[in-house]
Amino acid sequence: MAENEEGQEKSQEPTGKKIDDARKKGQVPRSREMNTMAITLVGLASIMLMAPQFMNSLNTVFIEQFSLTRADIYDPNALLAHLTNALGDALFMLLPYFAIMIVVAILSSIALGGFNISFEAMQPKFSKLNPVKGMKRLFSVKGLMELIKSMAKFLLVALATAALLNAWSADLLRLGELNVEQALLEGLTMVGWASLILASTLIVMAVIDVPFQLWQHNKDLKMTQQEVRDELKQTEGKPEVKGRIRQMQREIAQRRMMEEVPKADVIVTNPTHYAVALRYDPEKMGAPLVVAKGKELVAANIRKVAELHQIPLVEAPMLARAIYFNIELQQQIPAALFLSVAQLLAYVFQLRAYNKEGGDIPMPPQDYPVPQEYQHD
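Note that the coordinates shown come from a computational prediction; the quantities given were computed from them, not determined experimentally.

## Considering the packing of aromatic side chains
Following the criterion strictly, the structure yields five aromatic pairs and no others. Relative to F98, the ring of Y97 has its centre 6.2 Å away and its plane inclined at 55 degrees; by these criteria the two rings are tilted. Given the relative accessible area of 16%, Y97 is considered buried. Taking the relative accessible area as the measure of exposure, F98 reaches 36% and is therefore partly exposed. Summarising the aromatic geometry, the rings of F212 and W215 are spaced 5.9 Å apart at their centres and angled 35 degrees between planes, so their arrangement reads as tilted. Of the two residues, F212 and W215 both sit in helix α9 (residues 202–221), three residues apart, roughly one turn of that helix. Geometry around Y324 places K293 over its ring, the cationic atom sitting 5.3 Å from the centre.

The structure is reproduced here in C-alpha cells:
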C-alpha cells in the first residue's frame, strides 16, 4: 500500500474534491505511448496516402520554379524569387499533412484524462530541480515502468524487424534485377510498409501503458483516513462549529416563536411539562394555527409570556401532548382534533366575553376527546 510522508497508509479512494484539485494542478492521467503511437501511425499512413499527390506537386514545383531562362541565371533577384516561390509552394503542399498531424497530436494527448489547462502547472517550480527528488523519481515504480517500457519497445521493434527481413529477403534481393526507376519505386514502397508495420508495434505498448497510467494516477491520488476526515471538515465544517451554528439557529427560531405567543388566543398546557399556543381568526383561517410550542423550560417561558400578555392558560394534558407531538409550528389543526380544539376555543371566547361584559362565569369543558392515534403518554 502507498504511504504519505508521515508514513500513514493511503487506503482510501480519492474523493471528488481531491480529483478536482488535482486537475487544477495539472495532475491528469496521460499516456506518452498512446500519443507516440497515434502520431507515428497516422503520420506514416498519411505520407503513404498522400505520396502520389506529393510527387505530382513536387514535379510541378521543379518544372515551374527551376526552369530558368538565360536572363534568370544572371539575375540574383530572379534566382531568389524562384527559390522563395518553390519553398512557398512546397509548404502549401504540406499544409494538409501538417493540419492532420496537429489534430492527431491534440486528440491523442487529451484522449486520456480529457482537456485540461492548468495555470498552476505552468508556473516555474525550482523544487523540480532538486537532484534528490529526481533520483527518487528515477528509482520509483514509475521510473521502473518507464525502463521496462523502453526495453520492451526495443525488443518489439527488433523482433518485428527480424521478421520483416526474413519475410522480405527474396523481394529485397530481387530489387537488384530491376532497372533504377522500378527499383526505387519498389524500394520506397517496401520502406513505407515496413515503417508502418514497425510503428504498429507501438499499439501493444499503448494497450499496456494506458491501464498502467490510470492505475498510477489513482494510486497517486489515494488518501489516508486522516486526509478524508480533514477534507470533510473543510467542506462541511468542523463538528463543533456546525453544533454552534445549529444552536444559534435554534435560538433564533425560538425567539421568533416567542414573539408569536402574544398573538395567540389560548395556551394549552400539560400543565407544567408541555405548552402549546393556538391562534384562530375565523375570517382568515380555515382552522386554528399552532404558533408556538415547547416543553420543560420552553413551556415555562411560553406560560410566562402568556401571563404577561393576559393570554388564557387552559389545562388539557392529553390535548396539549397530542398537538405538541403531531403538529408542527405554523401548521393548522387536523380534522381529527377539530372537536376538542373547537370546545377549547368556544370556552376561551366565552371567557373573553365574560371579562368584557360580565354575566355567568363560563365553565371549561370536562373532557377534550383525542383520537387514539394522536395520544402520547
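## Re a nonpolar patch on the surface
Residues L58, F62, F66, L80, L83 and L87 make up a contiguous nonpolar surface patch of roughly 590 Å² in combined accessible area. Listing elements by their share of the nonpolar patch, those giving two or more residues are α2 (32–65) and α4 (76–110). Among the elements that take part in the nonpolar patch, α4 stands out by supplying three residues, more than any other. Secondary-structure assignment places L80 in helix α4. Judged by relative accessible area, L80 falls into the exposed class, the value being 53%.

## Quick word on the packing of helix α8 (residues 180–200) against α9
At a minimum axis separation of 5 Å, α8 and α9 run at an interaxial angle of 20 degrees. Taken together, the axis directions place α8 and α9 in an arrangement best described as roughly parallel. Every residue of α9 that contacts α8 at L198, A199 and S200 is listed here: L202, I203 and V204. Per-class residue counts for the contact of α8 with α9 are five nonpolar, one polar and no charged.

About the cut-offs
Residues numbered from 1 in each chain as written. Predicted model: local features only at pLDDT ≥ 70, side-chain atom pairs only at ≥ 80, totals over all residues. Heavy atoms only, no water. Phe/Tyr/Trp six-rings, centres within 6.5 Å; stacked < 30°, edge-to-face > 60°. Buried < 20%, exposed > 50% of the residue type's maximum accessible area, 1.4 Å probe, protein only. Helix = DSSP H or I, 4+ residues; strand = E, 2+ residues; numbered from the N terminus. Lys NZ or Arg CZ within 6 Å of the ring centre and 35° of its normal. Patch = residues over 30% accessible without salt bridge, like charges linked within 9 Å, V, L, I, M, F, W, Y side chains within 5 Å. Areas by Shrake-Rupley, 256 points an atom, 1.4 Å probe, with all protein chains shown as cover. Salt bridge = Lys/Arg side-chain N within 4 Å of Asp/Glu carboxyl O. Axes fitted to C-alpha atoms, helices over the stretch in contact; angles between N-to-C directions. Parallel < 35°, antiparallel > 145°, perpendicular 65-115°, else oblique. Contact = heavy atoms within 4.5 Å. Nonpolar A, V, L, I, M, F, W, Y, C, P; charged D, E, K, R; others polar.

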